[in-house]
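Descriptive structure summary
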Amino acid sequence: MQISSRFTIAVHIFACIEAFEDQYKLTSDFLAGSVNVNPVIIRKTMSQLQKAGLIKVARGTGGIRITRPLEEITLLDIFEAVESIDHNHLFHFHDNPNPACPVGRNIHKILDGHLQDAQRALEQELAKTTLADIQQETLACLAKDAAADQQG
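In this report, the structure presented in the accompanying data block is examined. Along each chain, the written sequence defines residue order, and numbers are assigned to residues from 1. Note on the predicted model: pLDDT of at least 70 is required for a residue's local features to be given, and 80 or more for side-chain atom pairs to be given and counted; whole-chain, interface and lining totals, by contrast, use all residues. The basis for every side-chain value is the complete set of non-hydrogen atoms in the structure, without hydrogens or water.

Things to note about the overall build of the protein chain
- Along its length, the protein chain carries 6 helices and 2 strands.
- Each helix corresponds to a stretch of at least 4 residues labelled H or I by DSSP, and each strand to a stretch of at least 2 residues labelled E; elements are numbered beginning at the N terminus. Counting from the amino terminus, the protein chain carries its helices and strands in the arrangement α-α-α-β-β-α-α-α.
- For 152 residues, the compact-globule estimate of 2.2 N^0.38 gives 15 Å, and the C-alpha radius of gyration of the protein chain, at 20 Å, exceeds that figure by more than 25%.
- Principal axes of the C-alpha set define a box for the protein chain whose edges measure 65 × 35 × 30 Å.
- For the exposure calls, accessible area comes from a 1.4 Å probe over protein chains only, and a residue counts as buried if that area is under 20% of its type's maximum, exposed if over 50%, partly exposed in between. Counting over 152 residues, the protein chain shows a buried share of 32%.
- For the protein chain, contacts bridging at least 24 residues in sequence account for 61% of all contacts bridging at least 6.
- Each accessible area is a Shrake-Rupley estimate made with a 1.4 Å probe; only the visible protein chains count as cover when residues are assessed. Working note: accessible area of the protein chain is about 9900 Å², and carbon and sulfur atoms make up 52% of it. For a compact globule the rule gives 2.2 Å times the number of residues to the power 0.38, and the radius of gyration it is set against comes from C-alpha atoms. The contact criterion used throughout is that any non-hydrogen atoms of two residues lie within 4.5 Å.

Here's the deal with empty space enclosed by the protein
- A 1.4 Å probe that fits but cannot get out identifies a cavity on a 1 Å grid over protein atoms alone, an open set with protein on both sides within 12 Å along at least five of seven lines counts as a pocket, and a residue lines either if it has an atom within 4 Å of a point. Grid points are joined across faces, edges and corners, and a volume is the space filled by probe spheres set on the points. What the rule picks out here adds up to 1 cavity of 30 Å³ or more.
- Roughly 50 Å³ of internal volume is contained in the largest cavity.
- Those elements that provide at least two residues to the lining of the largest cavity are helix H1 (6-20) and helix H6 (131-151).
- Across the lining of the largest cavity, the residue classes tally to 6 nonpolar, 2 polar and 1 charged. The nonpolar class holds Ala, Val, Leu, Ile, Met, Phe, Trp, Tyr, Cys and Pro. Asp, Glu, Lys and Arg form the charged class, and all remaining residues, Gly among them, are polar.

Description of the packing of aromatic side chains
- Only rings of Phe, Tyr and Trp enter the pairing, Trp through its six-membered ring, and a pair is recorded when the two centres are within 6.5 Å. The plane angle decides the type: under 30 degrees is stacked, over 60 is edge-to-face, the rest tilted. Scanning the model with the defined rule gives 4 aromatic pairs in all.
- Taking 5.6 Å as the distance between ring centres and 80° as the angle between the ring planes, the aromatic pair formed by phenylalanine 20 and tyrosine 24 counts as edge-to-face.
- What makes phenylalanine 20 partly exposed here is its relative accessible area of 21%.
- Members of the aromatic cluster, connected to one another through ring pairs, are Phe20, Tyr24 and Phe30.

With respect to H1
- Take the number of residues in a helix, subtract one, and multiply by 1.5 Å to get its expected span. Look at H1: 21 Å from first C-alpha to last across 15 residues, which is about the 21 Å you get at 1.5 Å a residue.
- Among the residues making up H1, those that are buried are Phe7, Ile9, Ala10, Val11, Ile13, Phe14, Ala15, Cys16, Ile17 and Ala19.

Describing the pattern of salt bridges
- Salt-bridge detection follows one rule: a side-chain nitrogen of Lys or Arg within 4 Å of a carboxyl oxygen of Asp or Glu. Within the structure shown, the criterion is met by 4 salt bridges.
- With its nearest N and O atoms 3.3 Å apart, the salt bridge here joins arginine 68 to aspartate 77.
- Judged by relative accessible area, arginine 68 falls into the partly exposed class, the value being 31%.
- Residues lysine 128 and glutamate 125 are paired through a salt bridge, measuring 3.2 Å at the closest nitrogen-oxygen approach.
- Under the relative-accessibility criterion, lysine 128 is labelled exposed at 57%.

Structure, rendered in structure tokens:
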């Protein structure tokens, strides 16, 4: 099972906003160029982030503003904004296990607790990292790249 790329695209958008907001007009085309996806995907993701109250987008002008301090937005906030989790369950359980089968009859009892523990661990880990942490790492990478460019 794989979580969709919406989450990493959303984090990438935030990193671009912080890295480039003073240098470039941040349009969906600009962001799509960095993420290397169709601008429609960027617009859909930004719409989800705006609906969650994490960003404000000024239509037409390319203005994107993060609505809270970076220290107050966690990766979990972003994950919850863009990932479609059915009834807050990360794992989708197959429908209608056969009740006539001893395994089918008991599979929920067997797996549900383990899957809930795994989801809780993921959520706890995502909650530990803020956008301030991501910004700090992004700026460090940009500085390292700039130094390498000057030497090369």
